[in-house]
Amino acid sequence: MNLNQENCPEAGTGASGLQRPEAIIFDMDGTLFQTESLLLPAYHKMFDILREEGLYQGPTPPDERILSGLGMLLKDIWMKVIPEADESVHRRADEVLLKLEIEGIESGAGKLYPEVESTLRALKDKGFRLFVASNGLENYIHSIVVVNRMEDLFDGLYSAGKQGTETKVELVRMLLEENGITRAWMVGDRSSDVQAGQENGQTVIGCAYAGFGKNDELKGSDVIIHSFAELLELADRSRQE
């Protein structure tokens, strides 16, 4: 992933002295969870089902279409993947994909990125409040957390599916207001995460290890990390105000 990292210091270089946050907010797909290991088999099976039901004809769209849409709302993803299909097909795709993904999660398909759980536990032990803010569906996010036994780590799971928000900016704003948080780090791998942090006046930690985004996906991040465990170093070096 060849990021345009202008004004985006690496965690191990000039990124010292970030202000210590009250809370750290995490995107899910491409940040905590290795989405493609679960998504792509479900994606192909979903189109098999849509074809069997007579709702879709033709070959399955390229994997790149769904992967490039990660971080977007589902309704926007389907406009990218199958723009020619009507809304009823999009909603059926929602249902089928969610069912297949949850079945996959419960059977052990898909996994967290390396050191996610241990890093989250260490951050929790240091006194940080941890949250998830995702444009995904509620049951999907909840299933990942439950199956990976991380329920005790998060103070809240916020999702577009549960909160009914139209943008990540709105979702993060709601999270901050409902929990009385004024100083947070927004951690994510997509431009929507960068925008959500920036427009809510928060520090943005861009995650460069997933590789789903375009070249300038993380432009505007305050810091870019290349492994999840680098968050601990940033937390240890953060300054109290």
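Below or above, wherever it landed, is the structure these notes cover. Everything quoted here is computed from the prediction, not taken from an experiment.

**Focus: the pattern of salt bridges**
Under the definition given, this model contains 17 salt bridges. Put simply, Asp48 and Arg51 hold a salt bridge, and the shortest N to O gap is 2.9 Å. Linking Asp48 with Arg51, this pair stays in helix α1 (residues 36–52), spanning 3 residues, or about one helical turn. The salt bridge partner of Glu87 is Arg91, with a shortest N-O separation of 3.6 Å. Of this pair, Glu87 and Arg91 are both found in helix α4 (residues 87–106), 4 residues apart, which corresponds to roughly one turn of the helix. Via salt bridges that share partners, Asp27, Lys168 and Asp193 belong to a single interconnected network.

**Section: the packing of aromatic side chains**
Here the structure, examined in full by the defined rule, presents 4 aromatic pairs. Residues Tyr43 and Phe47 carry aromatic rings whose centres are separated by 5.2 Å and whose planes lie at 80° to one another, so their mutual orientation is edge-to-face. Taken together, the positions of Tyr43 and Phe47, both in helix α1 and 4 residues apart, correspond to about one turn of that helix. Tyr43 gets classed as buried once you look at its relative accessible area, which sits at 0%. Phe47 gets classed as buried once you look at its relative accessible area, which sits at 0%. Between Tyr113 and Tyr209, the aromatic rings sit 4.9 Å apart at their centres with planes inclined by 65°, giving edge-to-face as the arrangement. Of this pair, Tyr113 sits in the loop between β3 (111–112) and α5 (116–125) while Tyr209 sits in the loop between β7 (203–207) and β8 (223–225), and the two are 96 residues apart along the sequence. The exposure class assigned to Tyr113 is buried, which follows from its relative accessible area of 9%.

Rules used in this analysis
- Residues numbered from 1 in each chain as written.
- Predicted model: local features only at pLDDT ≥ 70, side-chain atom pairs only at ≥ 80, totals over all residues.
- Heavy atoms only, no water.
- Salt bridge = Lys/Arg side-chain N within 4 Å of Asp/Glu carboxyl O.
- Helix = DSSP H or I, 4+ residues; strand = E, 2+ residues; numbered from the N terminus.
- Phe/Tyr/Trp six-rings, centres within 6.5 Å; stacked < 30°, edge-to-face > 60°.
- Buried < 20%, exposed > 50% of the residue type's maximum accessible area, 1.4 Å probe, protein only.

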